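Secondary and tertiary structure notes
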Amino acid sequence: MPTGPVPSTATVFHLGGIFMSQSMPPAPQQPHQPPQAPYGAPAPGGFPAPTAPPPARQGNAGLAVVLGVVTMLVAAGVYGGVLKAVDGASIGYAALAVGALIGAVVGKLGGRNAALPVVSAVLGLLGLYLGQVFGMALLTADAAHVTFTEIVFDHFDLVHAVWKEYLGAIDVVFYLLAAAGGFQVAKKLGA
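First things first, this report covers the structure right here in the doc. What you see as residue numbers is a count from 1 along each chain, following the sequence as written. Totals for whole chains, interfaces and linings use all residues, but because this is a predicted model, local features are given only for residues with pLDDT of at least 70 and pairs of side-chain atoms are given and counted only at 80 or more. For side-chain calculations, the full set of non-hydrogen atoms in the structure is used, while hydrogens and water are omitted.

Moving on, we get to the overall build of the protein. Summing up its helical and strand segments, the protein has six helices and two strands in all. What you see in the protein, going N to C, is helices and strands ordered as β-β-α-α-α-α-α-α. For this analysis, residues touch if any pair of their heavy atoms sits within 4.5 Å. Look at the contacts in the protein between residues 6 or more apart in sequence, and 66% of them connect residues 24 or more apart. About 12,400 Å² of surface is accessible on the protein, with carbon and sulfur atoms providing 70% of the total. Each helix is a run of H or I in the DSSP string that is no shorter than four residues. Each strand is a run of E no shorter than two, and both are numbered from the N terminus. To measure how exposed things are, a 1.4 Å probe is used in the Shrake-Rupley method; for residues, cover is taken only from the protein chains shown.

Dropping the structure here:
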């Protein structure tokens, strides 16, 4: 018997009572590859298999704007109540919070829409204005000893005059904070 490596395949010939074999070169061996893991399952070695990126988040811009307006009205009411509670003293963080809250609602619901951060900034400005007017109306109604509805519906010119008198240079910064808060939060959450 021959010693040495056994050929992997052989061809046998029959020649007049003599059997002869011819060795064939061994088949090339494939390097050992671990079995493939199912898609999304951890691969051998403990690392998760790559996954497909999530689809782009779609939003509803119309619903986002409607709920942004509702949020603006609620935030303006709260801001006006805070102004009355502190006797008309301005609070910069509250102005920023008005815009950021509106931006959060619009950005979360609206998804990727380039117009929504601008809409949020405008709603932030309007919300701050309405909050200041609401706060001035509450303060004026208390000072004049009349009801809130009477001061708003019958004497809004007086409320607006008080608001203009109250408006100072720092309020420009507060309006910028409200607009910037609405814009930035809507842009970040909408992405």
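Right, let's get into the side chain of T71. Looking at the secondary structure, you find T71 in helix α1 (residues 61-85). Only protein chains enter the calculation, and the probe is 1.4 Å; a residue is then buried if its accessible area is under 20% of its type maximum, exposed if over 50%, and partly exposed in between. Given a relative accessible area of 13%, T71 falls into the buried group. Once you skip the residues sitting within four places of it in the chain, T71 turns out to touch L101, I102 and V105.

This next bit is on the packing of helix α2 (residues 92-110) against helix α6 (residues 169-190). Axes here refer to lines fitted to C-alpha atoms; in helices the fit is confined to the stretch in contact. Angles between the N-to-C directions go from 0 to 180 degrees. Two elements in contact, α2 and α6, have axes whose closest approach is 7 Å; the angle formed by their N-to-C orientations is 30°. Comparing the axis directions of α2 and α6 gives the class roughly parallel. α6 is crossed by α2, and the crossing has right-handed handedness. Across the interface between the two elements, G92, A95, L96, G99, A100, G103, A104, G107 and K108 of α2 pack against F174, L177, A178, G181, G182, V185, A186, L189 and G190 of α6. Asp, Glu, Lys and Arg are counted as charged, while Ala, Val, Leu, Ile, Met, Phe, Trp, Tyr, Cys and Pro are counted as nonpolar; the rest, among them Gly, fall into the polar class. By residue class, the composition of the contact of α2 with α6 is 10 nonpolar, seven polar and one charged. To sort the angles, those under 35 degrees are grouped as roughly parallel, those over 145 as roughly antiparallel, those from 65 to 115 as roughly perpendicular, and the leftovers as oblique. Note: crossing handedness is left-handed where the near helix turns anticlockwise from the far helix by less than a right angle, and right-handed where it turns clockwise.

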